[in-house]
Amino acid sequence: MTTAGWELSYDVTAFQRQAAAYLESHPARCTALLTTAENLRVHGPRSYGGGDPRFGWWRATDGGPVEAAFVYTPPSPPLLGPMPDRAARELAVALRLTGADLTGVKGVDGSAQAFAETWTDDAPRTWAVAFRLRLLRLAELAPPRPAPPGTGRRATPGDVPMAAAWMRAFIADTGQETGPDTDFTAHVTRRIANGGLYLWEADGRPVSMAAHSLVVAGQSRVGPVYTPRECRGRGYGAAATAAATRSALTAGARQVLLFADAANPTSNALYERLGYRLLGHHVDIDFA
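Residues numbered from 1 in each chain as written. Predicted model: local features only at pLDDT ≥ 70, side-chain atom pairs only at ≥ 80, totals over all residues. Heavy atoms only, no water.

A.B. asks: Can you walk me through the packing of helix α8 (residues 236-250) against helix α9 (residues 265-274) in this structure?
C.D. replies: How two helices sit against one another is set out by the angle between their axes and by the gap between those axes. Running from N to C, α8 and α9 point in directions that differ by 45°, and their axes come no closer than 11 Å. The orientation of α8 relative to α9 falls into the category oblique. Between α8 and α9 lies a crossing of right-handed hand. On α9, the residues touching A238, T241 and A242 of α8 are L270, Y271 and L274. (Axes fitted to C-alpha atoms, helices over the stretch in contact; angles between N-to-C directions. Helix = DSSP H or I, 4+ residues; strand = E, 2+ residues; numbered from the N terminus. Parallel < 35°, antiparallel > 145°, perpendicular 65-115°, else oblique. Left-handed = near helix turned anticlockwise from the far one by under 90°. Contact = heavy atoms within 4.5 Å.)

Quick look at the structure:
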């Protein structure tokens, strides 16, 4: 008999099989879970440069359908899909029993807070929202007009050192935290192998980059988007984002998504001009 509550696993294939109906019924709101699990299946756990990934799915009743899921790739915080508060609280208890040492949690606004409250309710820790993110979905692509000078191209293995440095700079610019062993080279190598990392070049040199994830369950997610500080304000980021978006559509994505920092009106206005519209709200929570 299939029991109620959380079932935890280290097997990505089992996760994709057990949670398939749930994930595919919420492909946009489960975008991070879908793409992370597929990357782990294709490239293996070392592609995330941390400990053994863990997965889980939750049923409210014995034999009932899966109504919640998460993916955890240490040292990064667990990613929660949309779920009832009850499931989020039960997950915090279940992960604590495994001895997990979490630095935070990420997920849909509401369930992530419920998890955080339970995780810190009997520990000498507090929690705080580090980032509020807007989940955007493409309505219709509107490339920048006029287009900035230059051309877009798909990144190649020869671009790995530069792209890894830019990825590190992106993390620093956005105030995100990574573990000391974070392997940016492995990260961009995976992106390039997937064929989803694009560069915008002007005067014969790269001036901006944007990526999109693998197409899974009909959706692909654009990001990160990064332009070096000295190249900003010239439309390069918009052009790179449009190139990555067009690539995702060509690859078969029925939905193209993008996370934007809710506190950055410049980037939000840019994505709106390109045709992205608000779908939902997510949060990144830190435990202090």
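A.B. asks: It is not clear to me how the side chain of S9 should be interpreted in this structure. Could you clarify?
C.D. replies: In this fold, S9 is placed in strand β1 (residues 5-9). Classification of S9 by relative accessible area gives buried; the value is 14%. A distance of 2.9 Å separates a polar side-chain atom of S9 from the backbone nitrogen of D11. Sequence-distant contacts of S9, defined by excluding residues within four places in its chain, comprise A14, P53, R54, F55 and W57. (Buried < 20%, exposed > 50% of the residue type's maximum accessible area, 1.4 Å probe, protein only. Polar contact = N/O pair within 3.5 Å; in protein donor to acceptor, adjacent residues only side chain to side chain.)

A.B. asks: Just to check I follow, could you spell out the pattern of salt bridges for this structure?
C.D. replies: A full pass over the atoms with the stated rule returns 10 salt bridges. In this structure, the salt-bridge partner of R125 is D101, at a minimum N-O distance of 3.2 Å. Of this pair, R125 sits in the loop between α5 (111-120) and β6 (127-138) while D101 is found in the loop between α4 (85-97) and β5 (104-108), placing the two residues 24 residues apart along the sequence. With its nearest N and O atoms 2.8 Å apart, the salt bridge here joins R153 to D159. The partly exposed category is assigned to R153, whose relative accessible area is 25%. A residue is classified by how much of its surface remains accessible, and D159, at 8% relative accessible area, is buried. Bridged by salt links that share partners, the residues R153, D159 and E201 form one connected network. (Salt bridge = Lys/Arg side-chain N within 4 Å of Asp/Glu carboxyl O.)

A.B. asks: Looking at this structure, how should I read the pairing of strand β9 (residues 205-212)?
C.D. replies: Two faces, one strand: in a regular strand the side chains alternate between the faces of the sheet. Taking burial as the measure, the eight residues of β9 include seven buried ones, the bulk of the element. In this sheet, β9 lies alongside strand β8 (residues 197-202) in antiparallel orientation, the contact comprising six bridges. Opposite W200, over in β9, you have S208 as the bridge partner. If you look at the hairpin formed by β8 and β9, you'll find two residues sitting between the two strands, and D203 has a positive phi there, around 55°. Both β9 and strand β10 (residues 219-226) contribute to a ladder of three bridges, which runs antiparallel. Residue pairing for β10: M209 is matched across the bridge by Y226. Hairpin connection of β9 to β10: six residues between the antiparallel strands, including A217 at a positive phi of 55°. (Pairing = 2+ DSSP bridges.)

A.B. asks: Can you help me understand the packing of aromatic side chains in this one?
C.D. replies: Aromatic rings in a pair are described by how distant their centres are and how their planes are angled relative to each other. Scanning the entire structure with this criterion turns up seven aromatic pairs. Relative to W119, the ring of F115 lies with its centre 6.0 Å away and its plane at 10°, an arrangement referred to as stacked. With F115 and W119 both in helix α5 and four residues apart, the pair spans about one turn of that helix. We note that F115, like W119, is buried. Measuring from ring centre to ring centre gives 6.2 Å for W119 and F287, while their planes differ by 15°; the resulting arrangement is stacked. On the criterion of sequence distance, the pair formed by W119 in helix α5 and F287 in strand β12 (residues 276-287) is long-range, its members being 168 residues apart. The pair formed by W119 and F287 is uniform in burial state, with each residue classed as buried. (Phe/Tyr/Trp six-rings, centres within 6.5 Å; stacked < 30°, edge-to-face > 60°.)

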